[in-house]
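What follows is the residue order along each chain.
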Amino acid sequence: MKNEVVDGIEITDHLRRLSPEQVREEILSGLLDSPRSLPSKYFYDQKGSRLFEDITKLDEYYLTDTEKGIMRRTMPLVVGELSDADVIELGSGDCSKISILLESIPEESRSTIRYVPVDVSRAAIVKSAVKLRERFPRVRIQGLVANFHHRIEEVPDGHRKLFCFFGSTIGNLGQAESESFLAGLSEVMRPADRLLLGLDMVKEVGVLESAYNDSKGITAAFNRNILDVVNRLVQTDFRPREFDHSAFFNSEVNRIEMHLVPRRNSTVHSPYLQSPLEISSGETIHTENSYKYTPDSIESFCKKCRLNVENIFMDEREWFSLVELAAD
Ligand SMILES: C[S@@+](CC[C@H](N)C(=O)[O-])C[C@H]1O[C@@H](n2cnc3c(N)ncnc32)[C@H](O)[C@@H]1O
């Protein structure tokens, strides 16, 4: 664990404690699996975080603007009275959504708020914390570079907590994984604590698929970038440009799936593999899921996670939900 101060902002880096062996095991086990896969958290090196920020500005990627619209309308109701509290944002990314939330807290209460962004991307935390400090000088910021799966118990203790998990990032976890993750969060939540959970809704397939197949090819670049990250971490010799981006809605399980599809049979080497990977052109590497929800599935999902639905805020088209939850 490494503590440092960047421009007056405290950053605690837990990821430096992850051994290279653990990282290699996570990546190579997915590549050797059938079907092949990679953990989506490896999208987010510095370039991946920047590409994701670009995705959020695309016309086709309705998720970000829709969630922000809901926040502008509802945050004054949700946090207008908040004081002496820790605002903990999981998978924080850039600072644009939390800015809407902090703006809704009256100026005089902001000095009683501590903001804790938690993300695997150190670059994203530093960049957003520096911007937020300029905009909200009274708010104390304490960044946590960490895997949110492992570090919930390490968030600073003491005050009332408002957990924020925006962007439908929960939808990137497998179903069992998301349930056990949120059930774990519910266990550490006290009665006054709340969770704001952003969930993307099932909608017309054309709208869903366009959001992950943008016309500028930025999502494709984001998807391929994971192979550059893998090349660096496990010294493979993937040639990302020889893989096509594929994203489609799987209506059986209500999720967008993102894959990388080799254009021809390819052989991939790594000093950490006993024999080269032979990936045939008929195979794909599954890089991400993005689960979509319905009003009924939100209720049953939250119940399984031992969370009580306090409020569901939606946009007019009912494309996105921001759910306010308390521990059961
Ligand atoms: C889909 S983006 C959402 C970003 C932002 N919250 C938003 O709503 O636009 C997912 C974010 O979660 C981070 N992330 C992904 N997996 C993570 C993990 N296991 N632990 C911590 N952060 C993670 C990524 O670095 C990225 O910033």
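Note that the structure is a prediction, hence the values are computed from the model and not measured.

(A) Quick peek at the overall build of the protein chain. Secondary structure assignment for the protein chain yields ten helices and 15 strands. Here the C-alpha atoms of the protein chain give a radius of gyration of 20 Å, agreeing with the 20 Å that 2.2 N^0.38 yields for 328 residues. Seen along its three principal axes, the alpha-carbon backbone of the protein chain occupies a region of about 60 × 45 × 35 Å. Looking at the protein chain residue by residue over its 328 residues, the buried ones come to 53%. Of the contacts formed within the protein chain by residues at least 6 apart in sequence, a portion of 73% connects residues at least 24 apart. Carbon and sulfur atoms make up 46% of the accessible area of the protein chain, which totals about 14900 Å².

(B) Representation of helix H7 (residues 175-188). Compared with the 20 Å implied by 1.5 Å per residue over 14 residues, the 20 Å span of H7 between its first and last C-alpha is a close match. Along H7, the positions that sit buried rather than exposed are Ser178, Phe181, Leu182, Ala183, Leu185 and Ser186.

(C) A look at the pattern of salt bridges. Scanning the entire structure with this criterion turns up 21 salt bridges. One salt bridge in this structure joins Asp45 and Arg232, with 2.9 Å as the shortest N-O distance. Placement of Asp45 in the loop between strand S3 (36-37) and helix H2 (46-56) and of Arg232 in helix H9 (residues 218-234) is noted, with a sequence separation of 187 residues between them. Relative accessible area serves as the criterion here: at 16%, Asp45 is assigned to the buried category. In this structure Arg232 comes out as exposed when scored by relative accessible area, which is 51%. The shortest N-O distance in the salt bridge between Arg263 and Asp244 comes to 2.8 Å. Of the two residues, Arg263 is situated in the loop between strand S10 (255-262) and strand S11 (266-268) and Asp244 in strand S9 (residues 243-250); the sequence distance between them amounts to 19 residues.

(D) Up close: the environment of Leu63. For Leu63, the position within the fold is in helix H3 (residues 62-79). Here the alpha-carbon distance between Leu63 and Leu208, two residues 145 residues apart in the chain, equals 9.8 Å. For Leu63, the contacting residues outside a window of four places in its chain are Ser168, Asp200, Ala211, Tyr212, Lys292 and Phe320.

(E) Region of interest: the site of the ligand. In the region of the ligand, 16 residues are neighbours, and Gly91, Lys97, Asp119, Asn147 and Phe148 sit closest. Within the contact set of the ligand, an oxygen atom lies 3.5 Å away from a backbone nitrogen or oxygen of Gly93. Here a nitrogen atom of the ligand and a backbone polar atom of Val120 are 3.2 Å apart. With the chains in place, 94% of the 590 Å² that the ligand exposes on its own is no longer accessible. The residue inventory of the shell around the ligand, partitioned by class, reads six nonpolar, seven polar and three charged.

(F) Representation of the packing of aromatic side chains. What the rule picks out here adds up to 13 aromatic pairs. With a centroid separation of 6.0 Å and an interplanar angle of 75 degrees, the aromatic rings of Tyr61 and Tyr212 are classed as edge-to-face. Of this pair, Tyr61 sits in the loop between H2 and H3 while Tyr212 sits in the loop between helix H8 (205-211) and H9, and the two are 151 residues apart along the sequence. Assessed through its relative accessible area of 7%, Tyr61 is described here as buried.

(G) Representation of unusual backbone geometry. Put simply, Ser34 and Pro35 share a cis peptide bond, and its omega is -5 degrees. Along the polypeptide, Pro35 turns up in the loop between helix H1 (20-32) and S3. The residue Ser168 is not glycine, and still its phi comes out positive at about 60 degrees. Topologically, Ser168 is positioned in the loop between strand S7 (160-165) and H7.

(H) Broad picture of the sheet that holds S10. With mixed pairing, four strands are arranged side by side in an open sheet as S3-S13-S10-S9. Where the open sheet ends on each side, the last strands, each with one partner, are S3 and S9.

(I) Up close: the nonpolar core. Residues Leu31, Met75, Ile98, Leu101, Leu196, Phe238 and Ile285 are the most contacted members of the largest nonpolar core, which totals 70 residues. Both domains that meet at this core, namely domain 1 (2-11 + 57-204 + 293-327) and domain 2 (41-48 + 205-291), each give it at least three residues. Not counting the four nearest positions on each side in its chain, Leu31 is found in contact with Arg36, Ser37, Leu38, Val230, Phe238, Leu277 and Ile285.

Rules used in this analysis
- Residues numbered from 1 in each chain as written.
- Predicted model: local features only at pLDDT ≥ 70, side-chain atom pairs only at ≥ 80, totals over all residues.
- Heavy atoms only, no water.
- Helix = DSSP H or I, 4+ residues; strand = E, 2+ residues; numbered from the N terminus.
- Rg over C-alpha atoms; globule rule 2.2 N^0.38 Å.
- Buried < 20%, exposed > 50% of the residue type's maximum accessible area, 1.4 Å probe, protein only.
- Contact = heavy atoms within 4.5 Å.
- Areas by Shrake-Rupley, 256 points an atom, 1.4 Å probe, with all protein chains shown as cover.
- Expected span 1.5 Å × (residues − 1).
- Salt bridge = Lys/Arg side-chain N within 4 Å of Asp/Glu carboxyl O.
- Near = heavy atom within 4 Å.
- Polar contact = N/O pair within 3.5 Å; in protein donor to acceptor, adjacent residues only side chain to side chain.
- Nonpolar A, V, L, I, M, F, W, Y, C, P; charged D, E, K, R; others polar.
- Phe/Tyr/Trp six-rings, centres within 6.5 Å; stacked < 30°, edge-to-face > 60°.
- Pairing = 2+ DSSP bridges.
- Core = buried A, V, L, I, M, F, W, Y, C linked by side-chain atoms within 4.5 Å.
- Domains from an automatic or database assignment.

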